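Residue-level listing of the chains:
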Amino acid sequence: MKQLITLTLFLLTFTAFAQKPCEYSANVTDSIGTYKVTNEYLISEKNFGGTFSYVFFSLAQTDGLPTLNLQLIQKSKDFIKANCFDKNSKVYLQLENGKIVTLLHINQENCGTLIRDDKGFDNRVNTGIFMFMKDNYEDLKTSPVLIMRIKYLTDTEDYIVKRELVSEMNSKTYQPNTYFMQNIRCVE
């Protein structure tokens, strides 16, 4: 009887911690090379006073080089300040193990696109591509993220990375602090 309970407990634990298969929004191999990118994943959501802000991550691999695609979407009826990415922009991730992982922006200036919708909202969409550094890449596989800092051209913004986030936008539940632990294997 003890063996049956032990076996059952082992199987339940094994299935609970089993990694889900990688899902890609693009997975292309052609004569130029290979490119694959994971689906976008909500990392942060802010809704305050009619102003909405969303941060999405996706991981990409281009010919063996893994990168982080960061997309910032802001929506408001008020003025939306442009936060530009440039060659000096960085993403800092403070991990639960105390280490800080730094990701460097590619050398491409981008201030996003401002789009006005039919409800009178201004929407700013800004995308940045960040490269991992070899010396701390492995830490992302083993430790959850606590805090994220994004350094723009003229500003810096901090985000508390939650253990669980229930989105007001789509009512889905996300686990942003373990995003890298769950998905970085998809671009190795």
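Everything below is about the structure printed above this text.
Residues numbered from 1 in each chain as written. Predicted model: local features only at pLDDT ≥ 70, side-chain atom pairs only at ≥ 80, totals over all residues. Heavy atoms only, no water.

The residue aspartate 63 is not glycine, and still its phi comes out positive at about 50°. Along the chain, aspartate 63 falls in the loop between β4 (51-62) and β5 (65-76). Unlike most non-glycine residues, serine 171 shows phi in positive territory, near 60°. Residue position: serine 171 is located in the loop between β12 (165-166) and β13 (173-174). (Helix = DSSP H or I, 4+ residues; strand = E, 2+ residues; numbered from the N terminus.)

Another aspect to go through is the pairing of strand β1 (residues 24-29). Of all 6 residues in β1, 0 are buried, a share of ten percent or less. Sheet topology note: the β1/strand β2 (residues 34-38) ladder contains 5 bridges and is antiparallel. Residue pairing for β2: threonine 29 is matched across the bridge by threonine 34. Hairpin connection between β1 and β2: a loop of 4 residues separates the two successive antiparallel strands, and glycine 33 in this loop has a positive phi of roughly 160°. (Buried < 20%, exposed > 50% of the residue type's maximum accessible area, 1.4 Å probe, protein only. Pairing = 2+ DSSP bridges.)

Here we come to the packing of aromatic side chains. Overall, the coordinates contain 11 aromatic pairs when judged by the stated rule. With 5.1 Å between their ring centres and 90° between their planes, tyrosine 41 and tyrosine 174 make a pair best called edge-to-face. Here tyrosine 41, found in strand β3 (residues 41-48), pairs with tyrosine 174, found in strand β13; they are 133 residues apart in sequence, far enough to count as distant. Here tyrosine 41 falls in the buried class, since its relative accessible area comes to 15%. Given the relative accessible area of 10%, tyrosine 174 is considered buried. Between tyrosine 41 and tyrosine 179, the aromatic rings sit 5.3 Å apart at their centres with planes inclined by 35°, giving tilted as the arrangement. One end of the pair, tyrosine 41, is in strand β3; the other, tyrosine 179, is in helix α3 (residues 179-183), with 138 residues separating them in the sequence. (Phe/Tyr/Trp six-rings, centres within 6.5 Å; stacked < 30°, edge-to-face > 60°.)

A few words now on the state of the cysteines. The full count for this structure, using the stated rule, is 2 disulfides. One disulfide bridge connects cysteine 22 with cysteine 186, the sulfur atoms lying 2.0 Å from each other. Across the S-S bond of cysteine 22 and cysteine 186 the torsion is about -90°, and the bridge reads as left-handed. In this pair, cysteine 22 is assigned in the loop between α1 (2-16) and β1 and cysteine 186 in the segment after α3, connecting sequence segments 164 residues apart. Looking at cysteine 22, the relative accessible area reads 26%, which means it is partly exposed. Sulfur-sulfur distance for the disulfide between cysteine 84 and cysteine 111 comes to 1.9 Å. Disulfide cysteine 84-cysteine 111: the torsion about the S-S bond is 110°, which places it as right-handed. Note that cysteine 84 is positioned in the loop between β5 and β6 (90-95) and cysteine 111 in the loop between β7 (100-105) and β8 (113-116), a separation of 27 residues in sequence. What makes cysteine 111 partly exposed here is its relative accessible area of 27%. (Disulfide = S-S within 2.5 Å.)

On to the nonpolar core, then. Counting residues in hydrophobic clusters, the biggest one holds 35 residues, and the most contacted among them are Phe57, Leu70, Leu93, Phe132, Met148 and Phe180. Where this core is concerned, the elements lending two or more residues are β3, β4, β5, β6, β7, β9 (122-132), β10 (145-151) and α3. The element contributing the most residues to this core is β4, with 6 residues. Once you skip the residues sitting within four places of it in the chain, leucine 70 turns out to touch Val55, Phe56, Phe57, Phe85, Val91, Asn126, Thr127, Gly128, Phe130 and Ile150. (Core = buried A, V, L, I, M, F, W, Y, C linked by side-chain atoms within 4.5 Å. Contact = heavy atoms within 4.5 Å.)

The values reported here are purely geometric and, on their own, carry no functional implication.
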